[in-house]
Amino acid sequence: MTTNLPFKKAAAVLAAAAIALGMSCEPLDSTDLNNPNLDSLTKHPTRSGILAASTGLVIGHRQQVAQTNGFVSLTGILGRESYCFDKADPRFITEMLEAAGLDASSPAFGGNEWQQPYQNIRNAFTVLGALDAVPVDPVAGVTAEEKAAITGFAETMQALDFMVIHNTRWDQGGPIDVNRALEDTPAPVKTKEDILAHVVVLLDDAAAKLATPGASFPFPLGNGFRGFDDPASFLKVNRGIRARVAVYQGTPASYAEALTALSASFLDDTPSLDMHEGVYHSFGTGSGDVVNNLVSPNILAHPKLALEAEAGDLRVAQKLEQLTDENGDPTTTTSRNLTTGYKFKLYPAPSSPIPIIRNEELILLRAEARFHTGDVTGAYDDLNLVRAVSGGPLLTPLVPSTDPATFTTNLLHERRYSLMFEGGHRWIDLRRTGRANDPSLLDIPSPPPAGQNAHHFSQFFPLPLAECLARGPSDPSIAGKCSF
Amino acid sequence: MNVQHLARWSSALALVASLAWAQEPTTPPAGPAEASPQPAAEVAAPAPETPAPAAPEAAKPSRSLRGRIVDTKSKDPLPGATVSIKGTPASAMADENGNFVLNGVPDGKFTLHVEEQDHVRRDVPVDTNVASITVELNQSYVEELVVVGRASEMARKNLANAVSTVKADDLSRSPSATVDAALQGKVAGANIQGNSGAPGGGMQIKLRGVSTINGANSPLYVVDGVIISDVAISNGINAVTKSNAGSNPAPVQDDQVNRIADLNPNDIANIEILKGASAAAIYGSKASNGVVIITTKKAGIGGGGNEPRVELTQRVGTYQLANRIPQRTFTSFADAQSVWGDTAKAFWKCPAGQTTCADDQRTAGTFDHQGELSPGGGPSTETYASLAGGVADTSYFASALLKSDKGVVTNTGYDKQSARLNIDHHFGDALDVQLNSNVVHSLAARGMFNNDNNNVSAFMVLSSTPSFIDLRQRADGTWPVNPFIGLVGTNPLQTVALMHNDEDVWRLITSGDALWKIWSNREQELKLAANIGVDRFQQKNLLLFPPELNFEPVDDGLAGTSISATAENLNLNYGINLVHTFRPTGGGPLNLLTSSIGAQREDRTLDSTYIITRGLVAGQSNVNEGTQVVVNEQRQRATDRGFYIQEEALTLEERLQLVAALRMEQSSLNGDANALLAYPKAAASYRIGVLPTQYFDELKVRLAYGETGNQPIYGMRYTGLTVANVNGFGGVVVNPVAGNAGVKPERQREFEGGIDALMLGGNLVVELTGYQRTIDDLLLRRNVAPSTGFLTEIFNGGQMINRGVEAMVQVTPFDNPGGFGWNSRTTFALNRSVISRLDVPPFIFGAFGARYGAFEIEQGKSATQIVGNDGTEVVTDSAGNPVIDPVTGQPKLRTLVHPLGDAEPNFRMSFLNDFHYGAFTLSTNLDWQQGSSIINFTRQIYDAFGNSPDVEAAAARVDSVEHQLKAAPYIEDASFLKIREISLGYELPKTIFQGAFKVVRHAKLTVSGRNLWCFTKYTGLDPEVSNFGNQAIARNVDLAPYPPSRSFWGSIELGF
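These figures come from a predicted structure and were not determined experimentally.

Asks: Help me understand the state of the cysteines in this model?
Replies: Each disulfide is one covalent bond, formed between the sulfur atoms of two cysteines. Applying the stated criterion across every chain, the model contains two disulfides over all chains. Bridging Cys468(A) to Cys482(A), the disulfide has an S-S length of 1.9 Å. Taking the torsion about the S-S bond as the criterion, the Cys468(A) to Cys482(A) disulfide, at about -75 degrees, is left-handed. Taken together, the residues span a long stretch of sequence, with Cys468(A) in helix 17 (residues 465-471) and Cys482(A) in the segment after helix 17 at a distance of 14 residues. Judged by its relative accessible area of 6%, Cys482(A) falls in the buried class. Note that Cys350(B) is cross-linked by a disulfide to Cys357(B), the S-S spacing being 2.1 Å. On the sign convention where negative means left-handed, the S-S torsion of about -85 degrees between Cys350(B) and Cys357(B) marks this disulfide as left-handed.

Asks: Please explain unusual backbone geometry as it appears in this structure.
Replies: Comment: phi is negative for the bulk of residues other than glycine, and the bulk of peptide bonds are trans. The peptide bond linking Ser446(A) to Pro447(A) adopts the cis configuration, its omega dihedral lying at -5 degrees. Among the structural elements, Pro447(A) can be located in the loop between helix 16 (425-432) and helix 17. A positive phi angle, close to 50 degrees, is found at Asn1011(B), a residue other than glycine. Of note, Asn1011(B) is situated in strand 46 (residues 1002-1016).

Asks: Even after reading the chapter, I still don't get the packing of helix 9 (residues 231-249) of chain A against helix 10 (residues 252-263) of chain A, so can you show me in this structure?
Replies: If you want to describe how two helices pack, look at the angle between their axes and the distance between the axes. Residues and elements named next belong to chain A. Direction vectors running N to C along helix 9 and helix 10 enclose 165 degrees, while the axes themselves pass 8 Å from each other. Compared by their axis directions, helix 9 and helix 10 come out roughly antiparallel. Crossing geometry of helix 9 relative to helix 10 is assigned as left-handed. In this structure, helix 9 contributes Arg 239, Arg 242, Ala 243, Ala 246, Val 247 and Gln 249 to the contact, and helix 10 contributes Ser 254, Tyr 255, Glu 257, Ala 258, Ala 261 and Leu 262.

Asks: Please explain helix 14 (residues 376-391) of chain A as it appears in this structure.
Replies: Given 3.6 residues per turn, any residue in an α-helix points the same way as the ones three and four places further on. Within helix 14 of chain A the residues assigned to the buried category are Val376(A), Gly378(A), Ala379(A), Tyr380(A), Asp382(A), Leu383(A), Asn384(A), Val386(A), Arg387(A), Ser390(A) and Gly391(A). At the C-terminal side of helix 14 of chain A, Gly392(A) shows a positive phi close to 100 degrees.

Asks: I tried to follow the sheet that holds strand 5 (residues 110-115) of chain B on my own but got confused; where do I start?
Replies: Strands pair in a sheet through their backbones, by hydrogen bonds, and they do so in one of two ways: parallel or antiparallel. All names here are of chain B. Strand order in the open sheet formed by four strands is 3-2-5-6, with antiparallel pairing between adjacent strands. Among the strands making up the open sheet, the edge pair consists of strand 3 (91-93) and strand 6 (122-126). Pairs of neighbouring strands in the sheet enclose a mean axial angle of 20 degrees, with direction left out of account. With three bridges joining them, strand 2 (residues 82-85) and strand 3 adopt antiparallel strand pairing. Of the residues in strand 3, the one forming a bridge with Thr 82 is Met 93.

Asks: Would you explain the pattern of salt bridges in this entry?
Replies: Side-chain pairing between opposite charges can occur once the charged atoms of the two side chains come close. Residues and elements named next belong to chain B. Under the defined criterion, the tally for this structure stands at 85 salt bridges over all chains. A salt bridge links Glu 707 to Arg 749, with the shortest nitrogen-to-oxygen separation between them at 3.5 Å. Of this pair, Glu 707 sits in strand 29 (residues 696-710) while Arg 749 sits in strand 33 (residues 746-759), placing them 42 residues apart in sequence. Residue Arg 837 is joined to Asp 839 by a salt bridge in which the shortest nitrogen-to-oxygen separation is 3.4 Å. When its relative accessible area of 46% is taken as the criterion, Asp 839 is described as partly exposed. Overlapping salt bridges bring together Arg 208, Lys 275, Lys 700, Arg 702, Glu 750, Glu 752, Asp 756, Arg 773 and Glu 806 as one network.

Asks: Just checking my understanding: could you explain the environment of Asn802(B) for this structure?
Replies: Residues and elements named next belong to chain B. For Asn 802, the location among the structural elements is in strand 35 (residues 792-815). According to the relative accessible area criterion, Asn 802 is buried, its value standing at 0%. Engagement of the side chain of Asn 802 in a polar contact is seen with the side chain of Asn 831, the distance being 2.8 Å.

Asks: Before we go on, may I ask you to explain the pairing of strand 39 (residues 865-874) of chain B in this structure?
Replies: Every regular strand shows the same layout, with side chains that alternate between the two sheet faces. Residues and elements named next belong to chain B. When strand 38 (residues 854-857) meets strand 39, the two strands line up antiparallel, connected through two bridges. Opposite Ala 854, over in strand 39, you have Val 867 as the bridge partner. As paired strands, strand 39 and strand 40 (residues 893-902) are joined by eight bridges and run antiparallel to one another. Residue pairing across strands places Gly 868 opposite His 898, the latter belonging to strand 40.

Asks: Is there a simple way to explain the confidence of the model for chain B in this structure?
Replies: A low pLDDT means the predicted coordinates there should not be read in detail. All names here are of chain B. Averaged over chain B, the pLDDT score is 85; the fraction of residues at 70 or greater is 91%. Below a pLDDT of 50 lies the segment residues 1-61, which in the model reaches 121 contacts outside its immediate sequence neighbourhood of four places, other chains included. Predicted confidence for residues 301-305 stays below pLDDT 50, and this span has 17 contacts to residues more than four positions away or in other chains. Taken over the whole predicted complex, pTM reads 0.84, whereas the ipTM for its chain interfaces reads 0.90.

Asks: How should I be thinking about the packing of aromatic side chains in this particular structure?
Replies: One pair of aromatic rings is described through two measures. These are the centre distance and the angle between the planes. One pass over the full model with this rule turns up 41 aromatic pairs over all chains. With a centroid separation of 5.5 Å and 65 degrees between ring planes, the pair formed by Phe153(A) and Phe217(A) is classed as edge-to-face. Of this pair, Phe153(A) sits in helix 7 (residues 144-169) while Phe217(A) sits in the loop between helix 8 (192-210) and helix 9, and the two are 64 residues apart along the sequence. Judged by its relative accessible area of 0%, Phe153(A) falls in the buried class. Ring geometry for Phe371(A) and Phe407(A): centres 4.0 Å apart, planes at 5 degrees, overall stacked. With Phe371(A) in helix 13 (residues 359-372) and Phe407(A) in helix 15 (residues 404-418), this residue pair connects regions lying 36 residues apart in the sequence. Of the two residues, Phe371(A) and Phe407(A), both sit in the buried class. An aromatic cluster is built from Phe330(B), Phe333(B), Trp340(B), Phe347(B), Trp348(B), Phe468(B) and Phe484(B), whose rings are joined through pairwise contacts. Sitting above the plane of the Trp170(A) ring, Lys192(A) keeps its charged end 4.5 Å from the centroid. Here Arg362(B) stacks its cationic end above the ring of Phe333(B), 5.7 Å away from the centre of that ring.

Asks: For this particular structure, what's the right way to read the packing of helix 15 of chain A against helix 16 of chain A?
Replies: Residue and element names in this part refer to chain A. At a minimum axis separation of 9 Å, helix 15 and helix 16 run at an interaxial angle of 165 degrees. In this view, helix 15 runs roughly antiparallel relative to helix 16, as classed from their interaxial angle. Of the two possible hands of crossing, helix 15 and helix 16 adopt the one that is right-handed. On helix 16, the residues touching Leu 412, Arg 415 and Arg 416 of helix 15 are His 425, Arg 426, Asp 429, Leu 430 and Arg 432. Residues belonging to the contact of helix 15 with helix 16 are distributed by class as follows: two nonpolar, one polar and five charged.

Asks: When you look at the sheet that holds strand 40 of chain B in this model, what are you seeing that I'm missing?
Replies: All names here are of chain B. Spatially, four strands are ordered 37-38-39-40 in an open sheet, and the strand pairing comes out antiparallel. A single partner strand is all that each edge strand has here, and the edge strands are strand 37 (843-845) and strand 40. Averaged over all adjacent pairs, the angle separating strand axes in this sheet is 50 degrees, with direction ignored.

Asks: Could you clarify how one ought to interpret the interface of chain B and chain A in this entry?
Replies: By convention, interface size is frequently given as the accessible area that disappears when the constituent parts associate. Contact residues are listed per partner, giving 112 residues for chain B and 108 residues for chain A. Overall, the association of chain B and chain A removes approximately 8,900 Å² of surface from exposure, summing both partners, and the carbon and sulfur fraction of that is 59%. Broken down residue by residue, the surface that chain B buries against chain A is led by Leu487(B), Leu721(B) and Ser787(B), which jointly contribute 7%. Our enumeration of links across chain B and chain A arrives at two salt bridges. For the salt bridge of Glu95(A) with Arg851(B), the shortest nitrogen-to-oxygen distance reads 3.9 Å. With 14 residues, strand 26 (residues 626-651) of chain B is the single largest residue contributor to the side of chain B that touches chain A. Tallied by class, residues from the side of chain B that touches chain A come to 52 nonpolar, 42 polar and 18 charged.

About the criteria used
Residues numbered from 1 in each chain as written. Chains lettered and ligands numbered in written order. Predicted model: local features only at pLDDT ≥ 70, side-chain atom pairs only at ≥ 80, totals over all residues. Heavy atoms only, no water. Disulfide = S-S within 2.5 Å. Helix = DSSP H or I, 4+ residues; strand = E, 2+ residues; numbered from the N terminus. Buried < 20%, exposed > 50% of the residue type's maximum accessible area, 1.4 Å probe, protein only. Axes fitted to C-alpha atoms, helices over the stretch in contact; angles between N-to-C directions. Parallel < 35°, antiparallel > 145°, perpendicular 65-115°, else oblique. Left-handed = near helix turned anticlockwise from the far one by under 90°. Contact = heavy atoms within 4.5 Å. Pairing = 2+ DSSP bridges. Salt bridge = Lys/Arg side-chain N within 4 Å of Asp/Glu carboxyl O. Polar contact = N/O pair within 3.5 Å; in protein donor to acceptor, adjacent residues only side chain to side chain. pLDDT = per-residue confidence, 0-100. Phe/Tyr/Trp six-rings, centres within 6.5 Å; stacked < 30°, edge-to-face > 60°. Lys NZ or Arg CZ within 6 Å of the ring centre and 35° of its normal. Nonpolar A, V, L, I, M, F, W, Y, C, P; charged D, E, K, R; others polar. Buried area = accessible area lost by both parts, 1.4 Å probe.

Below, the structure written as C-alpha cells:
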C-alpha cells in the first residue's frame, strides 16, 4: 500500500474517530452490579460485613428446612410422618417410599440437604476467617468480647449444620475438615461417629467462647431466637444441642454428658413450663425473606399418625386436621395407591416458625439420658410430664419399666407425637434405636398386591453423585458409598 | 443458502429482451427524467425519440447503440453494469437508471458483452441496424455479493467459506411469526428448533452443532450493521410454577422468548449466515456460535428517481392443534377406582333415577381435556404494506405490519405491529448516508406450560387428571374443582380462562451509516464507512393469577398472585472503517486488492426488575396491593471494543482469492478487562481454470481458517455474596457459585474446506463443505465437591471438537419460462462433537437426574450425550467378593449410569422443491432430522399416574425407571420428517385489472401452510421441544410443553 496524501488524511480521520468512540487506552470499567463481593469479607473485612455475615448464618441454616422438598418434608416422608402428593413430581412417592435406595444424582431429593449445610459451614468459616483478619476495634472492627461471642455463635451454627449432615447421611458419614481451597483435594469422608465427635468439640468450644464475660451479640438473629439472642441465653441453646448430640451418641458416658449439658440448658420442668420455649427457624413474607413452604396443599399427614394415637391425645388434635370436602364432610385423597384423610395444622401460615430445639425435646432427651444412666423413675417422670402437659388429662401416666425395649417403645411413642413433623425426629429415632426394619412401618410391605409396588424404608440419603464425581473413585474414604 | 436463486438459475440464458416489454404495456417508465422504454431489439427500430443522456460522442458519424440493462425478474435497472463489444475497445457503463449509450459500434452484426456484479454475464448477439436494446440479466448465485468483513463484500464465486444466504422470497412464502421460524429447513448446518409450540417465538438456532457448554449459545445477530440483542428474559412465572424450586435454581423453564422474535420477517431483504469461526473471525469474541447478518429491504439500487411502488399483502389463517398426548379412557368404575381410588366415585353415576347401585352399573362420560384446552381455529391475520421509491437523491423504503395470531390454547396468541423507514441519501457522488429505523411492538400471551412444582401448569395437571371428569365451566359461571390434584384442585381450563401471562415488548432498532468516497482514481478507491446503531427495548411482563383460581388460595396460603416484570435493554454500537481497493489496470498477476481497517465499540446494558405480589387484596392486580411483595432486580453491563485489519487479494486472472484478517478485542466481561485478545483469520479459494469436462461451468476449491471467541457471561468473574433477610434483618451468605477472576473467552479455531461446482449451464449446483472446529478454554461451571460449600466453579478448561460436513445440491430438471419448471434443492448436514479434553471429572448436566435421563459431560464422549440409570450391579470388595449391606443383610448394589442417547442428530436434511407452471407456483419444504434423542418426561408423568392408554406397558416403563433403575424407556428417538411449508400461488393475469384497477402492477393469490405434518415415532407432542429453553446442551427435555400447532393461510399480494 502506498503512502500518499489520501491515506494520511483517512488515517487521521480514522484515528480521530477512534478516539472519539472510546477506543483509547482508558481502562474498561467492570463491577458486580448485583451482589457484594466475597472479597469484601475475606480480604478487607469490616465490622458491618462481619455482622451481616453473622446474621447470614441464621439465613443459611434455614435455607433447606422448609421447602416442599426440604429437610422437614423429606425426612417426614422417610419417617412415615407425612406424604407429599405432588402430582408434578411422582418421586415424592416412587423414590422416597418405593425405591430400594434413594437417588444420589438429584439435588432436589437429598442433594440440597448436603450442599446447603456445607454451604453454611462455609459461611461460618468465612465469618471466623474475617474475625481473624479484622482489627480489634469497636468502630473499624469488633471488640475482643464481640469476637468471642460471634465465634461461639458461628461454631454453634456450624455444629447444627454438621448435625444435618449426620442426620441425613447416617452410616455414609461426611467430610469434616472442609475449610479448604476449591483446588485442594476434598477432605476425607469420616464416619457418623467422627461427625458427632466433631460436633461435640465445636459445641464445647463455642460454649467456652459464649461464656466470656462481657460478651454480646452485635448482630440481630431474627424472631426465632427471641429470648436467646445474647451469649448468656444462647449458651443454654448450645447446651441443649450438646445434650441432643450426646443422646444420639448413645454411650454410657455420653448419656452422663447429656445430663450435665441439660442442666445448663433452658430445660424447664417447673409447673409453669412452656413446652414450646426454644429457638426456631422463623419465616416472613417480606421481600428477601423466605416463607415456610410446608404450607403446601401437597403435604399431607400419614394416616397412621391418627390411627396409632392414644384416644384423647391432645397432640393429635393440635397437630392434625381431617380433610373435608366442599360440604365439610371428612374425605380422603389418593395418589399412587396411598390414601390419607389428614393434613397438618402445625404450619398454618407462610410465616409459621419451625423449631430448631425446644423445651419438650429437652425433657424427652433427659428422660432418655436418665433411663440409660439408671434413673428409670426420673425417666418416666419426664415422659409422664410430657404426656400430662402436651398429651392432656385423658392420657394415663406410663408405668415405669426397666426393660430397655419397653422404655424405647414408650419413649419413641412420646417423641413421635411431641416432635411430630418438626425435622425428621421420627426417622432419626427409628434408625438410631434399630427399629427401622420393622415391616409394619411400610404402607405396602412385600409382597405387594397386584399392580402395586412394595415400599422400602430408606435409612439414609446417599452421598450425592456430584460429591462422588468430584472426588473420583480413587478416594478411599468413599469406597462402597458411590456409584461410578 | 437461498431458494430464490432457483428461479435465477431456472431462467434461460437466452435473451428475452424486448418481447417482454412489448407484452407489458402497463409497466411504468423507469424514471421520470429518462426516455420511455425502448422498443424492440433484434429488429430494426426507429431512432430514439429522446436524445440519449450523456452522449458526448453522439455527433460522430458512426453507429451508436442505446440500451437498458435490467434484472430479469424484478425489472429493476442495473446501474453500473458494463457493456462492451467483443473484439473492440468500445465499452460503456449503465447509469443509475440502467441506461447506456455505446458509440463506435460496428455496422454489421456483433456480440455485446454485458457484465454486472450480482448477475450472470451475457453475450448478446446484435443484428445489423439495431439501435436500441434492452438486456435482461439473471441474478447470479455465484456472482452475488457476500459480506466478508465489517465493511467489505466479495462475490460468492470467490468466497472461501460456505456462507448461506436466504432471500426475502424464501422467508415470506408461508407466514411465520418470527425470523428464526422462517429459516427452518432452509440452511444447511443450521439446526433450528422451537422450545415449544407457544405463539410468538422461542426458538434456538445452532450452527454446526454445539460450541459451548455453559457459555452463551445464541448466534450473533447483526441487523443493518447493528449488533442486536437476542437475549431471552424470564417472564417471572416461576414464582407461581415454582419450576426453579428443585434442582434447577435458574428461571429457565419459563418458556422464554429469545428477542430475535421481534423482527418482522417481511422486512428482510436477505440473511447471510456465517456458520463458524473461519468465516466469522472478524466478529471476534462474540461470534463463536456463528453470525446471522440480516439486511432489510431498501428502495432499490441506484437511489433517486424511482416511482413509488406499493406492495400490499393480506393474509388470513388459522392455527390448529397438531397433536395430542395419548390419554387413557376408563371403561368401568372398577378400572377407574383401581387408579383414582374412591375419589373417582363422584364421577361414576348410577343409572338415571337411581341414587345407589352396584359399582358395575356405574357409568361416566369421557372428556377431551386437551381439545378443550386447545380449541384453536380462531382467525389469525397479517397485513403487510410497503412503499418504496425515490425522490431526487433520496430513496426510501417504508413498511408497516399488523399481525394477530391466535394460539391454539384458549387466551393465547401473538400480536405484532411493526413500522420501518429506511432512507438512503446521496450527497453528490462522494457521500452516501443511510438511516434505517424500525419500531416494533409485540404482545405475546403464552399461557402456563412447561415444568412446575406447584401443580398448576396445564399438562402437569392433566397428566394426573382422568378423562372422566368434566372440567368445563358450569352454566352458573363456576368452574369444577379437580379433586385428582390432591387439595390443589387445579382446573387447567379455568386457569387458561382467567389467568394472564402477557409479554409486551416495545423495541426500537435504528442505525445510521455514512459512506464517504474519500478519493478515487482509475485504479484505486478509498472509502470511509462509519456506522452507529441503537437497539433499545423494554420487555414488560404482566402476569395475573386471580384469587378465584382453584389453586390460588391453597398453594401458599396467599390467594392471588400478580407479577410485574420489566426488562430494559440497550445496545449501542459504533464503528468506523476504512476500505481501500486497488484494481491494477496495467496487467500483472494482481487483479484486485482490498484493504480494510476499522474500529468498533459496543455497549450493552440489561436491567430486569421483578415485583411479585401474593395475597391480592380484593383481587386487585397492582403489585402494591398484596400481602407479600417480593422485589428482585438484576443488572448487567458490558463494553467491548476492538479493531481489525483485513487484506483481500484477487489474483491469477481472478481465480485465486486470498484473505487475511486480524481482529483485536477487549471486553469488560473478561476477568482481565483490558487484555487485548487476537482473533486471526486466513482463507484462500481457487477457481480451477481448466475444467474437467465441458459440463462444468465453474469449479472452485476453498480452504479457510479462523478463530473466534465466546465471551464469559456477565457475573462469571465474581464470587458474590447473596443478600437475604430474616424477619427484615439483613444478612449475607456466600453464593454457591464460585466465580473466576481470571475468566476469559472460549476460543474456537475452525478449519473449513470445500468444493463448489456449477454444472450444466447452471442447472446443477453442488456445494460440499467439511469443517473441524476446536473449542478450547471452554467456559465451564464445574461441579465441585458440594462439601466445599460451593456447587459449581466457573473456569476455563477442556476442549471440544466438532467435525461435520454440509452439502447442498440444486438441480433444475425442467425449466421452461412460462411453461413447466421444477427446481429442487437438497441440503444435508451432519455434525459430531466430542469432548476431547475435560480437566475435571465427568459431570451430570441439566434435566432431572440420571434416573430419568440427563446430560453428562465426559471426556471422549459426545458433548450432547444423554446418560441414565442402566440397572444395578453388586458392589464387590477388592477381593471380588460381594459387599454385604449390614442393615439389610443383602449384597450391596450400585446403580450403573450409561450413555442412552444423544441429542445431536445423526444428520439433518431438507428438501426444497419449487414448481411453476404458467401463472402457478408450488413450493414445498420438507425438514428431516434423523436420530436425535429426547427425554420424554411428559410421558413419565402420564405413566406414573396411571393415565397412559397402554396401561401394562406404562406400568412396565415405570417399573423400569423406578425399580429396575433403567431410564431407557423415557429416552426416545426424536427423528422426524416435517412438512414445514407448502405454498401454492397463482399470479393473476394483468388483463383482469382494467380501468381504475389499472394501477395494479401485479397480483398473486397464495394458499399455504406451515408445520403441516410431522412423521415421527416419538410419543410426545412434538420432538422439537426444550423445557429448559435455549440451552447449549440441555435441550430435548420434554416436560409439559405448549402443544404444537399447524397453520393454514390464504394470502393475496398486490403490487401498485
